[in-house]
Amino acid sequence: MSLLAVALVSGAALTAQVGLTRVLAIAQGYHFAFLVISLALLGFGASGTLLAVAPRLGQPRMWPWYASAYGAATGGAFLFLDAFPFDPYLVARDTTELLLLFADLIALALPFLFAGLLIGAMLSRTTERAGAVYGANLLGSGLGALAAPALLDQFGSERTVFLAGLLGSIAAFGLIGRRTRTDGARPRGRAVTVAWCLIVVGVLAAAVTAGFELHPSPHRRLAQLRLDPDVRFLATRQDARSRLDIVTSPTIHSAPGLSLSYTGPLPVQAGLVVDANDLLPVPAASGASDALARSLPVSVAHRLRPGGRVLLLGSGGGTDAWAALRNGASEVTIVEPDALIFDALRIDLRSWAGLADDPRVHLVQEPIRSFVERDPQTYDVVELTLTDAYRPVSSGALSLTEDYRLTSESFRAYLGRLSPEGLLVVTRWAQTSPTESLRTLALIVDALEARGVPDPRAHLLAFRSFQTVTFLASQQPLAPADKAAFFEAIEELRYDLVLAPEVRSDLVNRWAEVPSPDDHERALELVGTRDRSSFYAGYPFDVAPPTDDRPFFFHFFRLEQTSALVEELGRRWQPFGGGGYFILVALLGFAVVVAGTAVVMPLLARRRFRAAFSGRRELAARTIAYVVALGLAFLFVEVTLVQRAILVLGDPTHAFATVVGTLLVASGVGSALSARLPWQPSMLALVALLGLHAALSWVVGPALLALPDPLPLAVVVAVIAPVGFLMGVPFPRLVKAIGPSPELVAWAWAANGSASVVSGILATIIALSFGFGVVLAVAAALYLLAAVLVPRRSMGPATAVAA
């Protein structure tokens, strides 16, 4: 029963991680969600330190209390976050908000502290069964990860968190009988334990049944809509990928890049609010005019390719599809990766939008990259729709967001879907200084050159409104008729010229006038230079084209900006005062201090540790270096494989569940069999396998996109499972080598978990700067270091340890 309890608590803790990640993504934003994983690891690391400093905390009579406390803390974490949310816009200037942020972080870490206390206590008290206990931990965690998407689909993020707490609390009943003579167990104490567990389980069961309404930050669009008395909420739905609120309101008017020449009324629109913030307008099929459709940026492409076949990569709520039809498109294929948005257009707003009933429209629900790789057809207009909201570049709000729609490899695939005279259309937000637009141009130029175009400028057109910059790109040099029609269109629509094969100065910075036409001047520099690497290196922001290995389109930060950023910290009305990426570096420093404290504290607090290491300092140093290397490497591998699976499987939650679930289940099997496997050779085999992944995964990954479902999923599982199996061997072998010393096992548990706290943040920083290939290479190097450091003799009683 104890192994089953470990598996249940471990699985519940992993499910809670996924659920709380979704809660934070909705309430505060996707860029805060990574905190949950780091704080979970912090909780596990802190549990090892507590067990090492106070070994009595590991007594079996405490085990049911830890399981039930985990459940109570999980539900409490959600309630506390919802009742006392921090304001990221005030953290840099308001001490109260800073304290509230720390309180929220502690609330998030507590469930995992209690889960870690249970698992660490069982490891330290049953070292002879270390492989079985660690295997149950990994196996349970893997099953929890695999179950998380289904639970999110069924219950939504809020109720999934309470359900995860409930499942962990139920495990307490399987541990109540685990007592020894030294525990001083009494019937009355057992009755109190049972009563407490029943109360926790009952409260959490009631919470799962009732559910709670999440209250997003007041800066989120959903919170603002709730203040509008004229808003009608038609439906709210959640799945593993996103939350969708379907609303109608007379105040919803959205038409990014609308021509200054348009003076008519704006249509009534419904709204699709994604993850409580990004609002996609859905125009009424009969409520908007042809004049409005001809006044949107994409209308310029339809003028150049009238009556063409159109491919929309993302529905954008339907505005671009409606505009294409009103501008005379003969056929429109809409690829929508989000199942909730797809269903909203087909079911909830079917009569409102009218797209599902139009014979010219073909709706497809599929990840964009997969569709582009699988679809054999070509189109006259391929448009990558603008689906994200405007955000100031200096906020760094989306720096951590990967986007495989906006990489060099994806743009090359988009060009491959064009007919010989087809046009690729991409609209991005205008920024000061140019960032999104310049990086988009860099992607298009890179894709054209990769397809053998010697002079990209002859294939490019671009124009600007007050809000947006739109690019048109063709595989063939633009004909004189195309250029003439383009100039006529932007002059009529009062758009400003950004780029063309021949520039007309009278169309530059004419209507949406700015002090300096930076978009135009920087675009000319980029396409005109022979040394683009020097251009990218010399530009104030990082605008080099992202790749599938480094898919962070919105990460523009350079280290050279640090001094200016520090000077302005707290002066900008932006999250963390405009800190963005810099906050990530600060978190790394905080994690290093916390991790170092967790490792050193037992040595300072307990004489038994100093006595255990007396005369064996080299062995102690090798062992701690071994454990830290394992902690760093495990998360490096996990983060990299999750990111690569996002490309293949299409969304982060399912990729996380598949990769983490497969890794941990396979690691659990490897851990259970670790005593039968050679220690050091297993680690060297892991190093070789990781090297193979680093060399081949970016070749295999894109190739999987063209395969029919479910082959990509099957291949992902097949290539990850051997890695996970070998990753499960090193830690239980060390626990066995340490011998029957609860304090030393707890200390190793603390060091491993603390290193993982640093690893999650450090992996993100390395990936942002150098790409995930480097992260995986570092992981292989760390496992190689650990293989070299394998202890040759026990740290406990004098028993030989076979390598």
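Computed from a predicted model, the values in this text were never measured in an experiment.

Section: the sheet that holds strand 1 (residues 232–238)
Link 1 in the chain: The antiparallel open sheet is built from four strands, whose spatial order is 1-2-3-4. Looking at strand neighbours, the two that pair on one side only are strand 1 and strand 4 (278–283), the edges of this open sheet. Recorded for the sheet is a direction-independent mean angle of 20° between the axes of neighbouring strands.
Link 2 in the chain: With six bridges connecting them, strand 1 and strand 2 (residues 243–248) associate as antiparallel partners. Residue pairing for strand 2: Phe-233 is matched across the bridge by Val-247.

Some thoughts on helix 14 (residues 408–416)
Link 1 in the chain: Every buried residue belonging to helix 14 is among Ser-408, Ser-410, Phe-411, Ala-413, Tyr-414 and Leu-415, and all of these are buried.
Link 2 in the chain: Against the buried residues of helix 14 lie strand 5 (309–313), helix 13 (368–374), strand 8 (379–384), strand 9 (418–429) and helix 15 (436–450).

Comments concerning a nonpolar patch on the surface
Link 1 in the chain: A cluster of nonpolar residues, Leu-8, Leu-167, Ile-170, Phe-173 and Leu-198, forms a patch on the protein surface that exposes about 380 Å² of accessible area.
Link 2 in the chain: Within the secondary structure layout, Leu-198 lies in helix 6 (residues 187–210).

With respect to the packing of helix 1 (residues 2–27) against helix 4 (residues 95–125)
Link 1 in the chain: Direction vectors running N to C along helix 1 and helix 4 enclose 160°, while the axes themselves pass 10 Å from each other. By the angle between their directions, the pair helix 1 and helix 4 is classed as roughly antiparallel. Crossing of helix 1 against helix 4: the hand is left-handed. Residues Ser-2, Val-6, Val-9, Ser-10, Ala-13, Ala-16, Gln-17, Leu-20 and Leu-24 of helix 1 form the contact with helix 4, whose own contacting residues are Leu-108, Phe-112, Ala-115, Leu-118, Ile-119 and Met-122.
Link 2 in the chain: By residue class, the composition of the contact of helix 1 with helix 4 is twelve nonpolar, three polar and no charged.

Describing the packing of aromatic side chains
Link 1 in the chain: Scanning the model with the defined rule gives 15 aromatic pairs in all.
Link 2 in the chain: Geometrically, the ring pair formed by Phe-44 and Trp-749 is edge-to-face, given 6.2 Å between the ring centres and 80° between the ring planes. Within this pair, whereas Phe-44 is found in helix 2 (residues 30–53), its partner Trp-749 is found in helix 27 (residues 742–770), the two being separated by 705 residues in sequence.
Link 3 in the chain: On the basis of relative accessibility, which here comes to 7%, the residue Trp-749 falls in the buried class.
Link 4 in the chain: Relative to Phe-162, the ring of Phe-78 has its centre 5.4 Å away and its plane inclined at 70°; by these criteria the two rings are edge-to-face. A residue pair is termed long-range when its members are at least 10 positions apart, and Phe-78 in helix 3 (residues 63–83) and Phe-162 in helix 5 (residues 130–170) qualify at 84 residues.
Link 5 in the chain: Judged by relative accessible area, Phe-78 falls into the buried class, the value being 1%.
Link 6 in the chain: Overall, Phe-162 belongs to the buried group, its relative accessible area being 3%.
Link 7 in the chain: Following the ring pairs from residue to residue traces out a cluster consisting of Phe-44, Tyr-134, Phe-731 and Trp-749.
Link 8 in the chain: Above the face of the Phe-487 ring, Arg-504 is positioned so that its terminal group lies 5.4 Å from the ring centre.

Things to note about the packing of helix 15 against helix 17 (residues 518–528)
Link 1 in the chain: The contact between helix 15 and helix 17 brings their axes to 10 Å, and the two run at 25°. In terms of orientation, helix 15 and helix 17 fall into the roughly parallel class. Where helix 15 crosses over helix 17, the two elements pack in a sense that is right-handed. Across the interface between the two elements, Ser-437, Leu-438, Leu-441, Ala-442 and Val-445 of helix 15 pack against Asp-519, Arg-522, Ala-523, Leu-526 and Val-527 of helix 17.
Link 2 in the chain: Of the residues assigned to the contact of helix 15 with helix 17, the class counts are seven nonpolar, one polar and two charged.

A word on unusual backbone geometry
Link 1 in the chain: Of note, the amide linkage connecting Thr-432 to Ser-433 takes the cis form, showing an omega dihedral of -5°.
Link 2 in the chain: The topology assignment puts Ser-433 in the loop between strand 9 and helix 15.
Link 3 in the chain: Following Asp-709, the chain continues to Pro-710 via a peptide bond in cis, the omega torsion being 5°.
Link 4 in the chain: The residue Pro-710 is located in the loop between helix 24 (679–704) and helix 25 (711–727) in this model.
Link 5 in the chain: Residue Asp-275 is not a glycine yet carries a positive backbone phi of 50°.
Link 6 in the chain: Within the secondary structure layout, Asp-275 lies in the loop between strand 3 (269–274) and strand 4.
Link 7 in the chain: According to the relative accessible area criterion, Asp-275 is buried, its value standing at 16%.
Link 8 in the chain: Within the chain, Asn-509 stands out as a residue other than glycine whose phi angle is a positive 50°.
Link 9 in the chain: Note that Asn-509 resides in the loop between strand 12 (496–499) and helix 17.
Link 10 in the chain: Here Asn-509 falls in the buried class, since its relative accessible area comes to 16%.

Digging into the pairing of strand 9
Link 1 in the chain: Counted residue by residue, strand 9 has ten buried out of twelve residues, so it is predominantly covered.
Link 2 in the chain: Looking at chain direction, strand 8 and strand 9 are connected through five bridges and run parallel. From the neighbouring strand, Glu-383 faces strand 9, where its bridge partner is Val-425.
Link 3 in the chain: Where strand 9 lies against strand 11 (residues 468–474), seven bridges are found, and the strand directions are antiparallel. Of the residues in strand 11, the one forming a bridge with Val-426 is Phe-471.

Considerations on the nonpolar core
Link 1 in the chain: Among the nonpolar cores identified, the biggest contains 150 residues, and Tyr-626, Val-637, Met-683 and Tyr-783 are the most heavily contacted of them.
Link 2 in the chain: Looking at this core element by element, the count peaks at 19 residues for helix 22 (residues 617–649).
Link 3 in the chain: Once residues lying within four places of it in the same chain are set aside, the contact partners of Tyr-626 are Trp-679, Met-683, Pro-730, Phe-731, Leu-734, Ala-786, Leu-789 and Val-790.
Link 4 in the chain: Membership of the second largest hydrophobic core comes to 54 residues, among which are Ile-246, Ala-288, Val-298 and Ala-500.

With respect to the sheet that holds strand 12
Link 1 in the chain: Reading across from one edge, 7-6-5-8-9-11-10-12 is the order of the eight strands in this open sheet, with mixed pairing throughout. One side of each edge strand has no neighbouring strand; the edge strands of this open sheet are strand 7 (361–365) and strand 12. Taking each pair of neighbouring strands and ignoring which way they run, the sheet shows an average axis angle of 20°.
Link 2 in the chain: Relative to strand 6 (residues 331–336), helix 10 (residues 319–326) is tilted by about 175°, and along the sheet it contacts strand 5, strand 6, strand 7 and strand 8.
Link 3 in the chain: The sheet contacts of helix 14 involve strand 5, strand 8 and strand 9, and relative to strand 9 the element is tilted by about 140°.

Looking at helix 23 (residues 652–672)
Link 1 in the chain: Taking 1.5 Å of rise per residue, 21 residues should cover 30 Å, and helix 23 covers 29 Å from first to last C-alpha, within 8% of that figure.
Link 2 in the chain: One side-chain oxygen at the N-terminal end of helix 23 lies 3.1 Å from the backbone nitrogen of Thr-653; it belongs to Asp-651.

Considering the confidence of the model for the chain
Should the pLDDT be low somewhere, the predicted coordinates at that spot are not to be read in detail.
Link 1 in the chain: Taken as a whole, the chain shows an average pLDDT of 86; of its residues, 89% reach a score of 70 or greater.
Link 2 in the chain: Here residues 180–185 is a poorly scored stretch, pLDDT under 50, and it has six contacts once near neighbours within four places are set aside; other chains count.

Thresholds, definitions, all that
- Residues numbered from 1 in each chain as written.
- Predicted model: local features only at pLDDT ≥ 70, side-chain atom pairs only at ≥ 80, totals over all residues.
- Heavy atoms only, no water.
- Pairing = 2+ DSSP bridges.
- Helix = DSSP H or I, 4+ residues; strand = E, 2+ residues; numbered from the N terminus.
- Axes fitted to C-alpha atoms, helices over the stretch in contact; angles between N-to-C directions.
- Buried < 20%, exposed > 50% of the residue type's maximum accessible area, 1.4 Å probe, protein only.
- Contact = heavy atoms within 4.5 Å.
- Patch = residues over 30% accessible without salt bridge, like charges linked within 9 Å, V, L, I, M, F, W, Y side chains within 5 Å.
- Areas by Shrake-Rupley, 256 points an atom, 1.4 Å probe, with all protein chains shown as cover.
- Salt bridge = Lys/Arg side-chain N within 4 Å of Asp/Glu carboxyl O.
- Parallel < 35°, antiparallel > 145°, perpendicular 65-115°, else oblique.
- Left-handed = near helix turned anticlockwise from the far one by under 90°.
- Nonpolar A, V, L, I, M, F, W, Y, C, P; charged D, E, K, R; others polar.
- Phe/Tyr/Trp six-rings, centres within 6.5 Å; stacked < 30°, edge-to-face > 60°.
- Lys NZ or Arg CZ within 6 Å of the ring centre and 35° of its normal.
- Core = buried A, V, L, I, M, F, W, Y, C linked by side-chain atoms within 4.5 Å.
- Expected span 1.5 Å × (residues − 1).
- Polar contact = N/O pair within 3.5 Å; in protein donor to acceptor, adjacent residues only side chain to side chain.
- pLDDT = per-residue confidence, 0-100.

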